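# Secondary and tertiary structure notes
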Amino acid sequence: MTSSRAPSRRWLAVLLLPLGGCASSGLSPLSYGVRHVPNTDSASILDVATDALIELGYEIDRVDRTDGVVTTRPIATTSAYEGLPHATRLSSPSRLRRVAQVRVVPGPDVTNVYCRVAVQEQTTEAHRMFQTDHSISDAPGHTAIDRDAATTTEQNTVWETVRRDKATERLILEAIVRQTDSTSG
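Described below are features of the structure shown in this document. Just so we're clear, the structure is a prediction, and the values are computed from it rather than from any experiment.

The subject of this paragraph is the environment of Val99. With respect to the helices, strands and loops of the structure, Val99 is situated in strand S5 (residues 96–106). For Val99, a relative accessible area of 17% corresponds to the buried category. Counting along the chain gives 25 residues from Val99 to Pro74, while the straight-line C-alpha distance between them is 4.8 Å. Discounting residues that sit within four places of it in the chain, Val99 has contacts with Thr71, Thr72, Pro74, Arg116, Val117, Ala118 and Gln120.

One broad trend across soluble globular proteins is that nonpolar side chains are buried collectively. In this structure, Leu53, Val102, Val113, Ile172 and Ile176 are the most contacted members of the largest nonpolar core, which totals 19 residues. Listing elements by their share of this core, those giving two or more residues are helix H2 (42–55), S5, strand S6 (110–122) and helix H5 (166–184). Here this core takes 6 residues from H2, the largest share from any one element. Ignoring anything within four residues of it in the chain, the contact list for Val113 reads Gly33, Val34, Arg35, Val37, Ile45, Val102, Arg103, Leu173 and Ile176.

Moving on to the packing of aromatic side chains. Under the counting rule described, the total for this entry stands at 1 aromatic pair. Residues Tyr32 and Tyr114 carry aromatic rings whose centres are separated by 6.0 Å and whose planes lie at 80° to one another, so their mutual orientation is edge-to-face. Placement of Tyr32 in the loop between helix H1 (5–20) and strand S1 (33–38) and of Tyr114 in strand S6 is noted, with a sequence separation of 82 residues between them. Among the residues examined, Tyr32 registers a relative accessible area of 7% and is labelled buried. For Tyr114, a relative accessible area of 11% gives the class buried.

Another aspect to go through is the pairing of S5. Sheet faces and side chains relate simply in a regular strand, where the side chains alternate between the two faces. Extensive coverage of S5 is indicated by the burial of 8 of its 11 residues. As paired strands, strand S3 (residues 69–72) and S5 are joined by 3 bridges and run antiparallel to one another. What sits directly across from Val69, in S5, is Arg103. The sheet contact formed by strand S4 (residues 75–77) and S5 spans 3 bridges and is antiparallel. When the sheet's bridge partners are listed, Thr77 is paired in S5 with Leu96. As judged from the 11 bridges shared by S5 and S6, these two strands associate in the antiparallel manner. Within S6, the position partnered with Val105 by the bridge is Asn112. Joining the antiparallel neighbours S5 and S6 is a turn of 3 residues.

A word on the pattern of salt bridges. Applying the stated criterion to the full structure yields 6 salt bridges. The closest approach of N and O atoms between Asp61 and Arg73, which form a salt bridge, is 3.7 Å. You can see Asp61 sitting in strand S2 (residues 60–64) and its partner Arg73 sitting in the loop between S3 and S4, a full 12 residues away along the chain.

Reading the values: the criteria
Residues numbered from 1 in each chain as written. Predicted model: local features only at pLDDT ≥ 70, side-chain atom pairs only at ≥ 80, totals over all residues. Heavy atoms only, no water. Helix = DSSP H or I, 4+ residues; strand = E, 2+ residues; numbered from the N terminus. Buried < 20%, exposed > 50% of the residue type's maximum accessible area, 1.4 Å probe, protein only. Contact = heavy atoms within 4.5 Å. Core = buried A, V, L, I, M, F, W, Y, C linked by side-chain atoms within 4.5 Å. Phe/Tyr/Trp six-rings, centres within 6.5 Å; stacked < 30°, edge-to-face > 60°. Pairing = 2+ DSSP bridges. Salt bridge = Lys/Arg side-chain N within 4 Å of Asp/Glu carboxyl O.

This is the structure in structure tokens:
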């Protein structure tokens, strides 16, 4: 039984489609901690951000001066679930790490400094356990290359972001703003 409501549902879907669109991981206060620094040279703020990360115990992995991005090497951590309900903790110990990224975006009046600290959990074994579920055949005909023999352990390790560490983001941003104030003042 088709009713006269079917065309209206189609129109509703067409009208709501732009609202549902694809989610982007653009720079936003929802995905990054943000501080506004009085408009100074963005290259010097990038240097200050690099120094602040090093002083806080991070090792720098990459500095992209063209895009204004500093990325750190992962740091092993054990306190990723502090403050979370007991039900979210896993019964078996898991390997966790933190990776920090700072972005410097110059604006007309202020320079925006974005920081994101991702807490990641190693999920390699879970991915391997379910890897055969995605194959077409039940026959174990995988070659050594199919079983990761031609790649390194680092290349085969799977890390999934569990959450953001907003407290550490604030700590990094405060250090950057404090150092920027002391160098400009």
